[in-house]
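# Coordinate inspection notes
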Amino acid sequence: QLQVVTFISSTVVVAAGQKDGNDYTVIRSIDGGATWAAATTPANDGVNLNAIAFNGATVIAVADKDGANFTILRSTDSGANWSDPTSLPGGGENLNAVAFVNPTTLVAVGDNGTILTSTDAGANWAAEVSPTAQNLNAVVVSGTIVVAIGQRNGAEFTVVRSSDSGDNWSAA
């Protein structure tokens with residue numbers, strides 16, 4: 001089932017999700033959604049792709065964890081061909097959302113307060129210190145301010161914030 005879709009340009013559309021419970025899938029249209037073809041992706045083990053972000057021809061998809069490892073895919077050709085990042089931090093949680101802060105900086109958020117950042121357009125990722133252990137489900141950016149929201153923590157909703165492009169985080 002397809003979970004997410006985004007226009008990369010006025011004619012290029014990328015959609016992603018999970019195919020038949022066995023593998024993730026990415027499909028792409030170059031004619032505004034009239035026709036679709038499977039994109040080239042690395043081998044995978046049935047994770048679900050949850051979110052897509054793009055900046056120019058660079059497209060990042062984040063997913064449920066693959067065993068004990070984070071799952072992130074990266075394309076530098078508007079979603080036609082995908083690869084794994086060069087490096088990811090150890091461990092892994094489901095990643096639920098991703099956003100570009102600028103053309104080279106990204107923030108991905110996920111379960112158990114996971115916050116990952118990349119400063120090279122998604123080629124390498126690092127774990128950031130999170131002020132919460134609650135699941136983070138969405139992330140938005142305005143300038144250098146990044147806000148992520150998530151699961152309820154008692155009577156309060158979880159909101160975390162960074163004012164420096166995702167380097168340092170605090171509860172809001």
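Now for a quick tour of the structure. (Residues numbered from 1 in each chain as written. Predicted model: local features only at pLDDT ≥ 70, side-chain atom pairs only at ≥ 80, totals over all residues. Heavy atoms only, no water.)

## Here we look at the sheet that holds strand β15 (residues 170–171)
Quick note on the threshold: Strands are treated as partners if at least two bridges between them are detected by DSSP. In this text, helices come from DSSP runs of H or I with a minimum length of four residues, and strands from runs of E with a minimum of two, each type numbered from the N-terminal end.
With respect to topology, four strands assemble into an open sheet ordered β12-β13-β14-β15, the strand pairing being antiparallel. What marks the edges here is a single partner per strand, and that holds for β12 (136–142) and β15. Sheet topology places β12 next to strand β13 (residues 145–153); six bridges connect them, and they run antiparallel. From the neighbouring strand, Leu 136 faces β13, where its bridge partner is Gly 150.

## Considering the side chain of Ser 162
Definition in use: Think of a polar contact as two N or O atoms within 3.5 Å of one another; within protein, one of them needs to be a possible hydrogen donor and the other a possible acceptor, and neighboring residues in sequence only count if both atoms come from side chains. Should any heavy atoms of two residues lie within 4.5 Å, those residues are considered in contact.
Within the secondary structure, Ser 162 is located in strand β14 (residues 156–162). Looking at Ser 162, its side chain comes within polar contact range of the main-chain oxygen of Asn 168, at 3.0 Å. Not counting residues up to four positions away in its chain, the partners in contact with Ser 162 are Thr 144, Ile 145, Val 146, Asp 167, Asn 168 and Trp 169.

## What to know about the pairing of strand β8 (residues 95–100)
For the record, the criterion: Throughout, exposure labels follow a simple rule: accessible area from a 1.4 Å probe, protein chains only, divided by the maximum for the residue type, with under 20% read as buried, over 50% as exposed, and the rest as partly exposed.
Across the six residues that make up β8, a large majority, six, are buried. Of the strand pairs in this sheet, β8 and strand β9 (residues 106–110) are connected by five bridges, and their pairing is antiparallel. When the bridges of β9 are listed, Val 98 appears paired with Ala 108. Linking β8 back to β9 in an antiparallel pair, the connection comprises five residues.

## Section: the packing of aromatic side chains
Put simply, the test is: Stacked, edge-to-face and tilted labels apply to pairs of Phe, Tyr and Trp rings (six-membered ring for Trp) whose centres lie within 6.5 Å, assigned for plane angles under 30 degrees, over 60, and everything in between, in that order. Any Lys NZ or Arg CZ that is within 6 Å of a ring centre and within 35 degrees of that ring's normal is treated as a charge sitting over the ring.
This structure, assessed with the given rule, holds zero aromatic pairs. One Lys or Arg, Arg 152, reaches over the ring of Phe 157 and ends 4.3 Å from the middle of that ring.

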